[in-house]
Amino acid sequence: AEDLSVKKDQSDLKQVLSTKPTTGTSSYSEWLTKIVHQVKKMQITQDEYKLTIAATKHLRMYNTVVLLTCLVRAKDALDFIRDHSCLSDTNHQMKKLIKLFREKEPTLKQICEDATYTNKKLLRLKAVIVSKLSDTTHRAVLVCDDSYVAKYLCKWMNNDDYLKSLKPYRESWAKDRA
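Quantities reported herein were computed from a predicted structural model and do not represent experimental measurements.

Analysis parameters
Residues numbered from 1 in each chain as written. Predicted model: local features only at pLDDT ≥ 70, side-chain atom pairs only at ≥ 80, totals over all residues. Heavy atoms only, no water. Salt bridge = Lys/Arg side-chain N within 4 Å of Asp/Glu carboxyl O. Helix = DSSP H or I, 4+ residues; strand = E, 2+ residues; numbered from the N terminus. Buried < 20%, exposed > 50% of the residue type's maximum accessible area, 1.4 Å probe, protein only. Phe/Tyr/Trp six-rings, centres within 6.5 Å; stacked < 30°, edge-to-face > 60°. Core = buried A, V, L, I, M, F, W, Y, C linked by side-chain atoms within 4.5 Å. Contact = heavy atoms within 4.5 Å.

A. Broad picture of the pattern of salt bridges. By the definition in use, this model includes nine salt bridges. A salt bridge links Asp79 to Arg82; its shortest N-O distance comes to 3.1 Å. Taken as a pair, Asp79 and Arg82 lie in helix 4 (residues 74-83) at a separation of three residues, close to a single helical turn. Among the ionic pairs, Arg82 bridges to Glu105, the shortest N-O distance being 2.6 Å. With Arg82 in helix 4 and Glu105 in helix 5 (residues 92-113), the pair connects residues that are 23 residues apart, well separated along the chain. A relative accessible area of 14% places Glu105 in the buried class. The network of salt bridges with shared partners includes Lys75, Asp79, Arg82, Arg102, Glu105 and Lys155.

B. Fine view of the packing of aromatic side chains. Per the stated rule, a full pass over the model turns up two aromatic pairs. Seen in terms of ring centroids, Phe80 and Tyr148 are 4.8 Å apart; in terms of plane orientation they differ by 70 degrees. Their pairing is edge-to-face. Remark: Tyr148 occurs in helix 7 (residues 147-159) and Phe80 occurs in helix 4; sequence separation between them is 68 residues. Here the two residues Phe80 and Tyr148 agree in accessibility, since each one is buried.

C. Just the nonpolar core, in detail. Counting 21 residues, the largest nonpolar core has Leu68 and Phe80 as the members making the most contacts within it. For this core, the secondary structure elements donating two or more residues are helix 3 (46-71), helix 4, helix 6 (120-132) and helix 7. Of all the elements, helix 7 adds the most residues to this core, at six residues. When neighbours within four sequence positions are excluded, Leu68 is seen to be in contact with Ala77, Phe80, Tyr148, Val149 and Tyr152.

Structure representation (structure tokens):
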């Protein structure tokens, strides 16, 4: 009976793993949560469980970076990586990744400063805001489904000469991760 249970748990995990959604989406984060829940049901060692948690934590961060890269400035995605605790991780594999990041960081910083890589979505957003809010008596609300996106959009707006005159701020109605 125990063998059957183990095989079912393994089968369920394979099913979850086979339905990987696109990165940079909330579905991807939900998928990672399903993996953790499935692994909790399995009979694995404490070390295997810790490794799974560490891996999903870093995949979650990767997902957030992909999302930020699509929606805000590359500089903000890079700041997110720098500010995250994973850069102080002591795991051997993570140390290798951190070393690789540190080697690539100057190149990433150059890309962030290159106007060629300006996020076109932000340019369009600014154009819409400027056209709709030319009358300063109007206010607007930008709704984001990710608190990090909201944080960095607000930061971007506060760094823009025109947009900061609108006094942007961030409000959170859910548990705030950022």
